[in-house]
Amino acid sequence: MSRLLVALVALLLSPAAARAEGGCEQWIAPALAEGPVTFGFLSADVATGRRACPRTEVGLGVQGGAIIETQNLYGAVTGAGLISGSFAVRPDLEVFATLEALRFQYVQNASLTGTRMSLGQLTVGGTYVALTSGAFVLSPSVRLQLPTSFASPRTRTLGGEIGAAALYRPTNRFEVHGYAGVDASMGLGAADPLPLAGFLVNVGTEYALCSGFAAVLDANVHFGHRAVLDYVAPAVGLRFRAGEHFGAELGASLPVLGAERALAAGGLKLTYRM
């Protein structure tokens with residue numbers, strides 16, 4: 001991971017000679033979101049698919065999930081207010097970040113109830129367009145999960161992810177996208193660090209009915225955190241734009257197989273693309 005970080009820093013400092021051509025240049029409307037649905041089952045945007053094409057934008061959003069286990073007399077609801085942004089340093093290079101500015105947790109079992117609000121996780125990363133060939137784009141990326149969350153009072157979580165996003169966009173209103181990435185994390189504190197490692201595969205498609213509306217259908221498979229198979233989870237997204245710069249996305253993901261305990265996860269994100 002350290003070698004990839006060094007390579008990304010070198011790209012940031014190098015001359016802007018390359019261009020992200022082909023598929024990245026022919027989306028139907030700049031303000032309309034692209035790529036996979038990014039509302040997942042972990043903090044911020046951890047272990048979610050990444051788009052292949054650089055963009056410069058800022059966003060505000062909310063996301064959450066719920067676990068309801070009546071047989072175990074247990075329930076949990078989580079929610080987070082998100083601040084996100086990305087900057088296309090060059091046409092082929094993007095840096096990005098997502099912060100859970102406020103994380104809310106409500107947990108109840110047979111005898112106890114607890115509520116907590118705190119600062120959540122911050123993730124930062126970069127994506128580089130390594131290959132363009134006609135309508136096809138391939139972009140490796142790296143993402144770090146920084147230990148900013150106070151959701152667990154005595155533990156901070158540190159992690160990272162290395163992956164690659166792929167895009168095939170034969171027309172300006174239809175794309176097939178995918179992402180594959182390896183993630184790892186561990187706790188920092190007095191307790192056992194409980195290191196985790198996982199592998200995410202995302203495959204999906206997006207179709208723009210017009211320049212103001214697009215629909216996304218994804219399939220996500222994650223391995224290794226809770227079990228060999230954490231989840232198989234389809235995800236859907238509805239994307240809108242208002243004018244040249246403003247966009248919105250409403251998305252949800254539902255685990256249908258695996259060890260994931262959440263009933264569903266979803267959220268709403270508003271963006272301003274520059």
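Remember, predicted model here, so these are calculated numbers, not experimental data. (Residues numbered from 1 in each chain as written. Predicted model: local features only at pLDDT ≥ 70, side-chain atom pairs only at ≥ 80, totals over all residues. Heavy atoms only, no water.)

Participant: Got a minute to help me understand the state of the cysteines in this structure?
Facilitator: Linking two cysteines covalently via their sulfur atoms produces the bond known as a disulfide. One pass over the full model with this rule turns up one disulfide. Between the sulfur atoms of C24 and its disulfide partner C53 the distance amounts to 2.1 Å. With the S-S dihedral at roughly -90°, the linkage between C24 and C53 falls on the left-handed side. On the criterion of sequence distance, the pair formed by C24 in the loop between α1 (2–13) and β1 (57–69) and C53 in the loop between α1 and β1 is long-range, its members being 29 residues apart. Each member of the pair, C24 as well as C53, carries the same accessibility label: buried. (Disulfide = S-S within 2.5 Å. Helix = DSSP H or I, 4+ residues; strand = E, 2+ residues; numbered from the N terminus. Buried < 20%, exposed > 50% of the residue type's maximum accessible area, 1.4 Å probe, protein only.)

Participant: Looking at this structure, I do not really get the nonpolar core. What am I missing?
Facilitator: Buried together is how nonpolar side chains tend to be arranged in soluble globular proteins. One finds F41, A52, V137, L167 and Y231 to be the most contacted residues of the largest nonpolar core, which totals 16 residues. Excluding residues that lie within four positions of it along the chain, A52 makes contacts with C24, T127, V129, V137, S139, A165, A166 and L167. Core analysis: the second largest hydrophobic core is formed by six residues, W27, A29, L32 and A208 among them. (Core = buried A, V, L, I, M, F, W, Y, C linked by side-chain atoms within 4.5 Å. Contact = heavy atoms within 4.5 Å.)

Participant: Explanation requested: unusual backbone geometry in the structure shown.
Facilitator: Most of the time, phi is negative for any residue but glycine, and the peptide bond is trans. Positive phi outside glycine occurs at A47, with the angle close to 55°. Its location among the elements puts A47 in the loop between α1 and β1. For A47, a relative accessible area of 5% gives the class buried. Located in the positive-phi region is L194, a residue other than glycine, with phi close to 45°. Along the chain, L194 turns up in the loop between β9 (174–189) and β10 (196–210). With relative accessibility at 59%, the residue L194 sits in the exposed group.

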